[in-house]
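Coordinate inspection notes
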Amino acid sequence: MRRCVAAIAATLLVASSAVGCGGNSTGGAKGLGWVHEPRLIRYPTLPNDRATSGEVRNDSERALQLDARKVRLLDAQGRGIAATVTARFLAGFAHGLYSPTQFGPVRNPFELQRLGVKVVLAPKQVRPLTVAWRLKPGLPAPARVDYGAGSLPLPKG
Amino acid sequence: MKRLLLLAAALVAVLVALPVTFSSGHPERPTTFPNPSIGHVPAFRSSGPSIVVCKSDSGKRLKREFAPRRYHRALGLRLVQLKRCKYRDIQAAINHAKSNYRILVMPGVYKEIPSRRIPITPKKCSDQNRYFAVTEGYDNVNARSNDPPVRANFRFQHDCPNARNLIAVIGNKHVTADTNPSPAPPCDRLCNLQITGMGLRPGNVQIVGDRKKMDVIRVDRASGFAIRNVLVQEGAFNGIDGVQINGFHFKDIIARFNQNYGILTFTAEHGLYERIRAYGNGDSGVYPGSSPKGCSPANGYGNRRYGIELRKINSYGNTLGYSGTAGNSTWIHDSQFHDNSTGLSTDSFASGHPGMPQECAKWENNRFNSNNLGIFNSANQKYCGNTPFAQRKPLTRVCPQFQVPEGSGIIIYGGNRNLIRNNRIYDNWKSGIRLFGIPAAIRGENDPSKQQDTSNGNQILNNSFGRTASGRRAPNGHDPLVMHTGDITWDDEGQNNCQQGNSSADGPVTFSDGVMPGCPGRPIKAFANGALGRDAPCAAWDPKTMPRPPGCDWFDVPSRPK
């Protein structure tokens with residue numbers, strides 16, 4: 001199992017990697033699923049901010065076209081939560097080739113894919129996913145993240 | 001109806017032209033490295049053919065600057081040279097120069113009015129297929145979109161040299177394809193050209209950009225180029241931009257308030273930046289990026305070649321003091337990077353940069369201190385996001401072009417076999433050194449075997465953290481409530497990263513995330529501890545639409561460490 005985890009870790013950053021190892025992912029049965037329990041990240045200096053980071057796998061039998069700009073948060077009842085949300089199919093920081101100050105948002109397909117904004121996931125393909133959000137104080141913590149073609153559970157906290 | 005059709009046709013023409021007109025970007029057109037086996041750093045000459053450039057008030061300025069008796073001999077020589085002045089603009093002198101000429105520029109303010117009159121995209125150079133290249137990424141050479149990735153190719157610079165450059169020195173008589181042949185074509189015109197400011201100080205010869213043209217001075221394939229004793233400001237991208245030059249020397253230059261870079265070189269070789277003062281630039285003060293590789297894994301640490309050297313640099317008040325994506329085999333010493341948002345960044349997280357991944361730079365005997373400049377506050381971001389460069393109040397604002405973690409001394413996101421030795425790193429309120437690995441996919445390379453090719457083999461040796469040169473205590477950030485804080489922040493990724501012989505304000509070096517072992521480091525490659533993932537939300541930064549992304553703590557300078 002440890003070897004399997006290592007193999008997954010070695011490949012999960014690769015856009016085109018496929019992961020097997022017989023494990024079940026968690027999430028939508030016919031869409032994306034977390035390969036492992038994602039990490040919840042708290043920011044001591046940003047008390048209203050949270051992020052979750054992990055790897056997702058396309059468990060469906062068709063390619064999924066995903067746009068990280070369209071993710072939104074859901075509560076336990078599946079209702080949308082008003083929050084500032086960002087998502088990237090990335091394991092770490094990256095920036096565009098051109099400054100947004102001068103040229104505005106990225107539109108080039110290659111850059112959108114490289115920056116983890118707009119990706120196509122073939123069946124069984126794995127990619128990192130990081131979702132961050134800022135909630136107004138007092139709002140309930142989100143239970144799921146809606147990625148357009150389905151939703152994924154979020155760690156509690 | 002006919003008028004309507006004409007109007008529609010005109011509108012379409014404008015829309016088609018727009019992407020070209022405003023296209024630009026940091027990476028160049030596709031380029032190749034010069035031949036590393038030839039070329040050298042040029043020395044400044046004091047004899048040989050020369051052309052004098054002056055302004056109507058140059059004589060008065062000379063007499064004022066050189067008034068003290070000790071300068072009278074120098075003044076006399078200059079006044080004799082001034083009598084030979086034939087040109088009022090530097091570009092005019094370059095246009096009449098040949099290889100091995102010197103351009104002597106008398107004191108004055110040079111706005112290069114004839115160059116300013118040339119449109120950014122002249123009709124002559126507007127054909128997309130003939131004059132522009134796609135630069136964005138490795139795999140999208142056939143992509144055609146309305147994005148910025150179209151970039152003026154060498155033919156454009158050759159045929160319309162002053163369309164996007166206030167001053168252009170173009171080193172090839174004939175046009176060859178951008179990437180063919182490789183190595184870059186050798187210089188065959190305006191080679192070994194030298195530009196010398198004849199004032200007492202660099203600020204006495206001011207070369208002022210119009211804030212619309214990308215480069216104030218562009219040197220393209222003109223090898224052996226040297227420039228000294230001038231001030232360059234307000235380029236819409238770079239103050240000085242050296243591309244595919246084999247042999248260059250920039251000395252006694254002030255580069256300030258350019259939208260992106262004070263001085264930038266790209267796929268250049270055999271170069272020296274010397275006594276540069278760079279401030280107020282929206283990206284970095286100096287950028288020796290995409291430089292040729294000068295070491296191989298077999299060479300280890302002892303057998304290296306440094307293609308570009310920087311010494312006595314004073315870079316402050318920029319978003320970054322120094323940056324260099326794919327800045328390989330560069331030697332930076334006896335310099336100070338202070339009071340920027342981040343002191344130094346070298347990385348492998350952008351596409352389109354030859355020489356990836358970054359490796360084998362050496363930083364020694366430098367000071368990286370007090371890099372706590374707060375420019376991501378909401379007022380500045382609002383102003384910067386809503387005010388185009390050309391409309392900003394001159395010489396006042398620093399508008400960050402990219403997001404950086406404010407309060408950081410050195411950040412290395414994807415770098416191998418770099419050597420950080422004998423530096424003073426203090427008073428950076430977030431962290432001293434940050435070393436992270438970057439998956440190759442982030443630079444656009446999806447080969448599975450490359451995904452962990454950074455960061456490996458970096459050595460941090462004999463540095464003084466947290467104390468000034470006079471011994472005063474000035475710690476780097478070490479607040480446990482702040483992420484990625486401490487003298488050394490490391491994601492635990494890779495192999496053979498090590499530190500040894502370092503000292504800190506209160507004794508041992510402080511670490512966060514991973515504790516870096518002593519040298520020679522861990523021989524077995526390890527996976528990152530997830531520290532990098534905490535930075536991922538910062539990728540969403542956009543000064544207009546997302547000035548403070550959730551989950552990104554880069555934009556608040558922590559309080560001064562106790």
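Above this text sits the structure in question.
It should be emphasised that the depicted structure is a prediction, and the values quoted were computed from it without experimental measurement. (Residues numbered from 1 in each chain as written. Chains lettered and ligands numbered in written order. Predicted model: local features only at pLDDT ≥ 70, side-chain atom pairs only at ≥ 80, totals over all residues.)

So, on to the overall build of chain A. Looking only at helices and strands, chain A has 3 helices and 11 strands in total. Mapped in sequence order, the helices and strands of chain A form the string α-β-β-β-β-β-β-β-α-α-β-β-β-β. By residue count, 47% of the 157 residues in chain A fall in the buried class. For chain A, the proportion of contacts with a sequence separation of at least 24, taken over those separated by at least 6, is 65%. (Helix = DSSP H or I, 4+ residues; strand = E, 2+ residues; numbered from the N terminus. Buried ≥ 20, exposed ≤ 12 C-beta atoms within 10 Å, placed from the backbone. Contact = placed C-beta atoms within 7 Å.)

Turning our eyes to something else, we now look at the overall build of chain B. Looking only at helices and strands, chain B features 8 helices and 33 strands. Here the C-alpha atoms of chain B give a radius of gyration of 24 Å, agreeing with the 24 Å that 2.2 N^0.38 yields for 562 residues. The 562 residues of chain B split such that 59% are buried. Across chain B, every contact between residues at least 6 apart in sequence was considered, and the portion connecting residues at least 24 apart equals 69%. (Rg over C-alpha atoms; globule rule 2.2 N^0.38 Å.)

The next point concerns the sheet that holds strand β13 (residues 261-266) of chain B. All names here are of chain B. Taken in spatial order, the 11 strands of this open sheet run β6-β9-β11-β13-β15-β17-β20-β24-β28-β31-β33, and their pairing is parallel. Of all strands in the sheet, those with a lone pairing partner are β6 (165-170) and β33 (511-513), marking the two edges. Put simply, the sheet's adjacent strands are angled 10° from each other on average, direction ignored. With 5 bridges connecting them, strand β20 (residues 342-347) and strand β24 (residues 408-413) associate as parallel partners. Across the sheet, Ser345 pairs through a bridge with Ile411, a residue of β24. (Pairing = 2+ DSSP bridges. Axes fitted to C-alpha atoms, helices over the stretch in contact; angles between N-to-C directions.)

What follows is about the nonpolar core. The nonpolar side chains of soluble globular proteins are, as a tendency, buried together. Residues and elements named next belong to chain B. By size, the foremost hydrophobic cluster in this structure holds 154 residues, and its most contacted members are Val53, Ile103, Val105, Ala222 and Ile263. Ranked by the residues each element gives to this core, the list is headed by strand β10 (residues 225-233), at 6 residues. Apart from residues no more than four positions distant in its own chain, Val105 is found in contact with Val53, Ile90, Ile195, Thr196, Gly197, Met198, Val205 and Val230. Counting 8 residues, the second-largest nonpolar core is a separate cluster that includes Tyr131, Ala133, Ala152 and Phe156. (Core = buried A, V, L, I, M, F, W, Y, C linked by C-beta atoms within 7 Å.)

In this section: helix α2 (residues 58-65) of chain B. Residues and elements named next belong to chain B. All of the buried residues in α2 are Ser58, Arg61 and Leu62. Looking straight down α2, one finds its buried side chains confined to an arc of 100°; they lie on one side. In α2, the exposed positions angled more than 90 degrees off the buried face are occupied by Lys60 and Arg64. Buried positions along α2 lie against α3 (72-82) and β3 (108-110). (Arc of directions from axis to C-beta.)

All names here are of chain A. Reading across the sheet, the 3 strands line up as β6-β10-β11 and stay open at both edges, with antiparallel pairing between neighbours. Bordering the open sheet on either side are β6 (72-74) and β11 (151-153), each of which pairs with just one other strand. Averaged over all pairs of adjacent strands, the angle between their axes in this sheet comes to 30°, without regard to strand direction. In this sheet, strand β10 (residues 144-146) lies alongside β6 in antiparallel orientation, the contact comprising 3 bridges. Bridged to Leu74 within β10 is Arg144.

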